Amino acid sequence: MTYQGNGISEGIANGRIYRYLPAEIHITRQSVSKSEAGQNLEKFQRLRRTAMQELLQMEHKLQTTDPGKAKIFAAHQEMLEDEELQESISNAIEECYSLDWAIESSFSQFITLLSKAKDPLISARTADLEDVKNRLLRLVAGVPERNLAELPPDTIVVAYELLPSDTAVIDREHVKGIITEIGGVTSHTAIIARSYGIPAVSGVTDALECFQDGGEIIINALSGEVIYAPTQEELLEAAHLKNEYMKEKEVSKQFLVRPCQTSDHVSVKTGINIGALEEEESLLPYVDYIGLFRTEFIYMDSGHMPTEEEQYEAYRHILEKARGKTVVLRTLDIGGDKVLPYLELPKEENPFLGNRALRFCLEHEELFITQLRAALRASVYGDLWVMFPMIGSIGDIRSALTAFEAAKRSLEKDRLPFDDGTKVGIMIEIPAIALLAEEAARQVDFASIGTNDLLQYLTAADRQNAQVIKYYNAGIPAVLRLIDYVNQIFTEQGKTVSVCGEMGGDPVYAPIFAGMGIRKLSMGMSRITAVKQAMSCFSAEELCAIKDCVLEMDSTEQIVSFMKAEIAGKRDK
Ligand code: PEP
Ligand code: MG
C-alpha cells in the first residue's frame, strides 16, 4: 500500500515501524476502599522502584554518548527520592485517594510552588517534575515507555510530528527513517534529519492510524512515497533505487575535499550550520567557516537554563575546534517550533508570529546578557561573529546592540577579557528589515539571509505545515528578487552577505546566489558536496547570466526546471 507525502530529508530506507505516541493519561479525582489504599501504598513504592530503574538505565546509556543528558536522568532520580514528595503521596493514599490521583495532586502542589519561584533556575525545574510525574502515572496505567533514545536496529519512526527536543535525543545509529503526519521542509525536524542524514517524509496523513508497530515499511524520501507492508518486488525495487542513489552520492563525494569554486576558480565560501558540534566536526577541514551556530540547541539539550559558565565552555569549545575559521554564533532563537522543556511560556495562538527569538531575549534581559557575556568571553579563542535572529525593525537592531554593549561593559567591570572587535550582524528573515536594508546595513557589520523564515513570512505560509507547502514554494521568485536587492545594498556599503537558510544549501539555488555576487553560503553538512559540485559546473560569468534569466522568471517551476536543465547540460559535457 503506497502513501504519498513530501520528502523533507533525502534518502531511501526500509525497516520496521516504531510509532511514537507519547502516552495520554487522563486522571480524575477518585476515592478507593481502605484495603485498596493499603495495597496502593505498596504499589506506589514498587512503581517508584521501577521508575528508578528506568531512569538509571537511561542515565547509564547516555553517560558515554551524552553526559549532559545523562545528568537530567540523574536529577529525575533525585526527585523520585525526595522524602517530602513521597510523604505527600503516601498521605494522600492513606486518605483513600486513588493512586493516580494521589500522585497527580501531590506533584501538582510541588509544581505550583516551584513555578512561583523568582529564580528562573528553580522555576525551570517544574518541567522535570512534570516528567517524573508522567513517568509514574504511565507506570500506574501500565503503559510501556515510548522514547526515541533507545530503539532497535533498522527502525522507521512514525509520529504525528517530532519536536526539536525529540530529534535531539533520537537514536541516530538505529533510526533509518522518519515519517510524520505534519511538518514542512524547513521545519527544524527536517533540518535536523537532513543534517543527520536520516531520510524523512512528512505530510503522510493518518500515518499513526494506518501503520502498525513492527510492520515493514519503505520510505523513499526522493519521491515522497511511503510503502507500507511492501511486496517482495517492491522491496527489490527499493533496494535497486537505494543502490543507484548511493552510487550518485559516491560520485559527488569527491567534491567534498575540493574548495568550493566556479569553473574559472572564483571561490564561494561554504559554511556549515551546526546546533552542537557532533558529526559535523569531521567536516570542518572541508568548509571555510561555521555560518550558523544555532545556540538554542545548547539550551534545548541541557535540561535546565544553561549558566554563563556552561555556555562559555560550549562556545569556547567550538571556537577552538574551528581553529581560526569564523564562527557565526546566532543568539537564542527560541519560540516558534522550538520550546525549552524547562521553561513554561504563555501559550500563543501563532507562535511563529509571536514572542520568538530576539523578541523573547529583549523581554528577558538577564538571560540575554548572560548569553552575550558568555559569547564575548569566548571570543578571545577564535574569530567570533555574533548574529541576532528575527530582526524586524531598526529599533530591534538598536535594542540588540544596546544589550551587546551592556554585556561588554559588565565584562569590563568584572575585568574579564573579550575581543572588542567582535563583529555583529543580523539575520534577514523578516521582510520588513529586508526592505530597510539601506538603514540596517549602516548599523551592523554583516547580514545573513535566513531563507526558511524569509519565505515563510513573505508568503504567509507556515514552514511547518505540509498542507501549504505549495504556497511556501511558490514564493521562490519573490524571495530571490528580495535577496538580490538586500545583497546589492549591503555590498554597496561594504558589508558581508551570506545565505544560511536551506536554499543556500540547495544545489538548484546556490548557483543563483553566487550569480548575484554572494560569496558565502552556509548549509547543513549533508549539502556541502552537492553545492560544491553544482558550483563547479559554471564560470562566474555564466552564473551572472543565469541569475539575470532567473530574476526575470515568475514561477518556481520555471526556475527549477531551468536550473536543472542548466546543471544537467553541464554535467553531460
Ligand atoms: C532561517 O530562518 O532561514 C534560518 C536559518 O533560521 P532557522 O531555520 O533556525 O529559523
Ligand atoms: Mg529563522
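Rules and cut-offs
- Residues numbered from 1 in each chain as written.
- Chains lettered and ligands numbered in written order.
- Predicted model: local features only at pLDDT ≥ 70, side-chain atom pairs only at ≥ 80, totals over all residues.
- Heavy atoms only, no water.
- Near = heavy atom within 4 Å.
- Polar contact = N/O pair within 3.5 Å; in protein donor to acceptor, adjacent residues only side chain to side chain.
- Areas by Shrake-Rupley, 256 points an atom, 1.4 Å probe, with all protein chains shown as cover.
- Helix = DSSP H or I, 4+ residues; strand = E, 2+ residues; numbered from the N terminus.
- Nonpolar A, V, L, I, M, F, W, Y, C, P; charged D, E, K, R; others polar.
- Donors = N, O, S within 2.8 Å, 3.2 Å for Na, K, Ca; no water.
- Buried < 20%, exposed > 50% of the residue type's maximum accessible area, 1.4 Å probe, protein only.
- Axes fitted to C-alpha atoms, helices over the stretch in contact; angles between N-to-C directions.
- Parallel < 35°, antiparallel > 145°, perpendicular 65-115°, else oblique.
- Left-handed = near helix turned anticlockwise from the far one by under 90°.
- Contact = heavy atoms within 4.5 Å.

Q: Explanation requested: the site of ligand 1 in the structure shown.
A: Near ligand 1 you find 17 residues, and of these R294, R330, G450, N452 and R463 are the closest. Contacts to ligand 1 include G450, whose backbone N or O atom sits 3.3 Å from an oxygen atom. At 2.8 Å, a backbone N or O of N452 approaches an oxygen atom of ligand 1. Relative to its unbound accessible surface of 280 Å², ligand 1 loses 100% to contact with the protein. Listed by contribution, the elements that provide at least two residues to the shell around ligand 1 are α8 (188-196), β10 (289-294) and α18 (451-459). With three residues, the top contributor of residues to the shell around ligand 1 is α18. Per-class residue counts for the shell around ligand 1 are four nonpolar, five polar and eight charged.

Q: Help me understand the coordination of the magnesium ion (ligand 2) in this model?
A: Reference values for coordination geometry: four tetrahedral donors around a metal ideally subtend 109.5 degrees, six octahedral donors ideally subtend 90 or 180 degrees. Surrounding the magnesium ion (ligand 2) are the protein donor atoms E429 (OE) and D453 (OD), which sit 2.0 to 2.1 Å from the metal. Taken together, the residues span a long stretch of sequence, with E429 in the loop between β13 (423-428) and α16 (431-435) and D453 in helix α18 at a distance of 24 residues. Exposure remark for E429: the relative accessible area of 2% places this residue in the buried category. Residue D453 is classed as buried on the basis of its relative accessible area, which comes to 3%.

Q: Can you help me understand the environment of E309 in this one?
A: Looking at the element boundaries, E309 is found in helix α12 (residues 308-322). Between the C-alpha atoms of E309 and T370, which are 61 residues apart in sequence, the distance is 9.2 Å.

Q: Explain the packing of helix α3 (residues 83-94) against helix α4 (residues 99-115) to me, please; I cannot follow it from the model alone.
A: The packing of two helices is summarised by the inter-axis angle and the distance between the axes. Packing of α3 against α4 brings their axes to within 8 Å, and their N-to-C directions diverge by 140 degrees. For the element pair α3 / α4, the angle class is oblique. You can see that α3 and α4 cross each other, and the crossing is right-handed. Every residue of α4 that contacts α3 at E84, L85, S88, I89, A92 and I93 is listed here: L99, A102, I103, S106, F107, Q109 and F110. Each residue belonging to the contact of α3 with α4 can be placed in one class, and the counts come to nine nonpolar, three polar and one charged.

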